[in-house]
Amino acid sequence: MEFDILILGSDANAYYMARCAHEAYHKKAYIIGRERLAFTKFSNILEIKYDKNLWQENHFVQVLNSFAKVHSNKQIVTISTNETYTEFLTKNRKNLEKNIKFAAPDFKVLNSLTNKEQFYKTYKNRGLDFPETYYFDCEKDSILPTLNYPIILKPANVVDYNHLSFEEKHKIYKIANEQDLEKIIVKIIKAGYRDKLILQEYIAGDDSNLFDSVIYVDRNQKVKMISFAQIGLQEHTKSMVGNAAVLINGFNTTNGNSLEMIKTIKKFMESIAYHGFAEVDLKYDEKTNTFKVLEINARQGRSSYYVSALGVNLVKTLVDDLVYQIELEEKILTDEILLSFVPKGIIKKYIENKAFKKEALYLWKQKKKVSPMVYSKDRNWKRFLMLKKRLWHYYKEFKNGYWRS
């Protein structure tokens, strides 16, 4: 059965999924993005088109259906790289051409994960540990709860928040006191945000207390792949904090039990009628010796390429499940692999956990390292120069980054 790969988005996630398609099938993926981003520029392994109105739901459906009709003799394996496109796909299953295939749960399940208020309230007693969480309604509330600072602030409605643009917009805010909290809330409301805000306990610890788990749940709602990686360094800029810059799968310097947490995640994902890739963000809480789940992204994450380096090509997994309906082999990925977006100098200078740093440099030396954006078969001198510039830019970003442990 013939198929094409259609990726929605133009960021780092979109690039490495196109890379997975090229590695598995030696052909280009199609990409439709809303804006021109550096990650997918100057690439020879993808065909990209831009549409500035792609975040308008009705237009989104028209664009996908037009593409599907042009490729009507093939199955269109469609891959979302952010919450907006995943929401549009799930809400419009019946409105999309029949040859459009994608892996995602129904909208009710999706919304219970992507809306952070729904997530924490719905799954409070379902086997996952969460940080202590409060909610602020931007339309109704005027009095702040009594909190122990510092705290984390983030939007409950990620889709609505992502569509806003305002000065000093952060993906996640670390708030030192009540005065700062009031200022940030006023700024967010003035920008047009009308939903709930999450006010959450800040779990102490440097970036190496963060963990990443990538899961694939097949069409029969069974977990067929799961990883568990320790993050040594996250991005430190206001728009990227929360994204892993350096991680090692199968490595853990904390007292937390990785295999027990893997079992917990697997059991949870199979209990909620999920389908598709998901990424679990966790932080190890030294006070309680537990992994606290920060969020579950209903898609592969920005750093999820490392599972391909461990033998599970993300795009081939989708094709086998959606197109060929093969019974996938269950895999728990415990081998060590280093993923790094940054140059070695950043690892040496900014990773605080000495044991993690030592292992990262050892794996780098042993060539057990992957860089999602660097693909030897994607040769273009403009892209080469752009990637070199990006690596050097990381020194400035980490020197001036606002996020501190």
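Residues numbered from 1 in each chain as written. Predicted model: local features only at pLDDT ≥ 70, side-chain atom pairs only at ≥ 80, totals over all residues. Heavy atoms only, no water.

Looking only at helices and strands, one finds 13 helices and 18 strands in the protein. For 405 residues, the compact-globule estimate of 2.2 N^0.38 gives 22 Å, and the C-alpha radius of gyration of the protein, at 21 Å, lies within 12% of that figure. When its C-alpha atoms are laid out on the principal axes, the protein stretches across 60 × 50 × 40 Å. The long-range fraction of contacts in the protein, counting pairs at least 24 apart against all pairs at least 6 apart in sequence, stands at 72%. Total accessible area on the protein is roughly 18600 Å²; 48% of this is exposed by carbon and sulfur atoms. Counting 64 positive and 49 negative side-chain charges, the protein places the averaged centre of each group 6 Å from the other. (Helix = DSSP H or I, 4+ residues; strand = E, 2+ residues; numbered from the N terminus. Rg over C-alpha atoms; globule rule 2.2 N^0.38 Å. Contact = heavy atoms within 4.5 Å. Areas by Shrake-Rupley, 256 points an atom, 1.4 Å probe, with all protein chains shown as cover. Lys, Arg positive; Asp, Glu negative; His and termini not counted. Charge placed at Lys NZ, Arg CZ, Asp CG, Glu CD.)

Before going further, it helps to spend a moment on empty space enclosed by the protein. A probe as big as a water molecule, rolled over the atoms, marks out the empty space that is left. Within the structure shown, the criterion is met by 1 cavity of 30 Å³ or more. Every residue lining the largest cavity is counted, 17 residues in all, and those nearest its centre are Ser 80, Ala 103, Ala 298, Arg 299 and Gln 300. For the lining of the largest cavity, the secondary structure elements donating two or more residues are strand 4 (75–80), helix 3 (83–91) and strand 14 (276–285). For the lining of the largest cavity, the element with the most residues is strand 4, which contributes 3 residues. In terms of residue class, the lining of the largest cavity is built from 10 nonpolar, 6 polar and 1 charged. (1 Å grid on protein atoms, 1.4 Å probe; cavity = no way out; pocket = protein on both sides within 12 Å on 5 of 7 lines; lining within 4 Å. Points joined across faces, edges and corners; volume = space filled by probe spheres on them. Nonpolar A, V, L, I, M, F, W, Y, C, P; charged D, E, K, R; others polar.)

Let us look at the packing of aromatic side chains. For the structure shown, the criterion picks out 22 aromatic pairs. With centroids separated by 6.1 Å and ring planes inclined at 35 degrees, the aromatic side chains of Tyr 394 and Phe 398 adopt a geometry described as tilted. Here Tyr 394 pairs with Phe 398, and both are found in helix 13 (residues 381–400), just 4 residues apart, close to one helical turn. Joined through ring pairs, the aromatic side chains of Phe 119, Tyr 120, Tyr 123, Phe 130 and Phe 268 make up one cluster. Seen from the ring of Phe 3, Lys 27 lies directly overhead, with NZ or CZ sitting 4.3 Å from the centre. Here the basic side chain of Lys 369 rests over the ring of Trp 364, its NZ or CZ set 4.1 Å away from the ring centre. (Phe/Tyr/Trp six-rings, centres within 6.5 Å; stacked < 30°, edge-to-face > 60°. Lys NZ or Arg CZ within 6 Å of the ring centre and 35° of its normal.)

Attention shifts here to the packing of helix 1 (residues 12–25) against helix 10 (residues 314–322). Each pair of packed helices can be described by the angle between their axes along with the distance between the axes. In contact at an axis separation of 7 Å, helix 1 and helix 10 are set at 70 degrees when each is read in the N-to-C sense. Taken together, helix 1 and helix 10 sit at an angle that is classed as roughly perpendicular. Where helix 1 abuts helix 10, its residues Met 17, Cys 20, Ala 21, Ala 24 and Tyr 25 lie against Leu 314, Val 315, Lys 316, Leu 318 and Val 319. Residues belonging to the contact of helix 1 with helix 10 are distributed by class as follows: 9 nonpolar, no polar and 1 charged. (Axes fitted to C-alpha atoms, helices over the stretch in contact; angles between N-to-C directions. Parallel < 35°, antiparallel > 145°, perpendicular 65-115°, else oblique.)

What follows is about the sheet that holds strand 4. Taken in spatial order, the 5 strands line up as 3-2-1-4-5 in an open sheet, and their pairing is parallel. Of all strands in the sheet, those bounded by a partner on one side alone are strand 3 (46–50) and strand 5 (100–101). Taken together, the 6 bridges between strand 1 (residues 3–8) and strand 4 define a ladder with parallel strand orientation. Among the inter-strand pairings, Phe 3 is bridged to a residue of strand 4, identified as Gln 75. On top of the sheet, helix 3 reaches strand 1 and strand 4; it is set at about 135 degrees to strand 4, its chief contact. (Pairing = 2+ DSSP bridges.)

There is a patch of nonpolar side chains on the surface, built from Met 1, Tyr 324 and Ile 326 and spanning about 320 Å² of accessible area. Within the fold, Ile 326 resides in the loop between helix 10 and strand 16 (331–333). On the accessibility criterion, Ile 326 (38% relative accessible area) is partly exposed. (Patch = residues over 30% accessible without salt bridge, like charges linked within 9 Å, V, L, I, M, F, W, Y side chains within 5 Å. Salt bridge = Lys/Arg side-chain N within 4 Å of Asp/Glu carboxyl O. Buried < 20%, exposed > 50% of the residue type's maximum accessible area, 1.4 Å probe, protein only.)

Once that is clear, we can look at the layout of surface pockets. Of the pockets and cavities examined, the second largest pocket occupies roughly 340 Å³. Together, 24 residues line the second largest pocket, and Phe 341, Val 342, Pro 343, Leu 387 and Leu 391 are the ones closest to its centre. Going through the elements one at a time, helix 11 (344–350) and helix 13 are the ones with two or more residues in the lining of the second largest pocket. The class makeup of the residues in the lining of the second largest pocket is 15 nonpolar, 3 polar and 6 charged.

Time to look at the sheet that holds strand 6 (residues 133–137). Hydrogen bonding along the main chain pairs the strands of a sheet, whether they run parallel or antiparallel. One open sheet holds the 4 strands; their spatial order is 6-9-7-8, and the pairing between them is antiparallel. Where the open sheet ends on each side, the last strands, each with one partner, are strand 6 and strand 8 (173–175). Between one strand axis and the next, the sheet turns through 30 degrees on average, direction left out of account.

Time to look at a positive patch on the surface. Where like charges cluster on the molecular surface, the positive patch consists of Lys 344, Lys 348, Lys 365 and Lys 367. Turning to its location among the elements, Lys 365 is positioned in helix 12 (residues 354–365).

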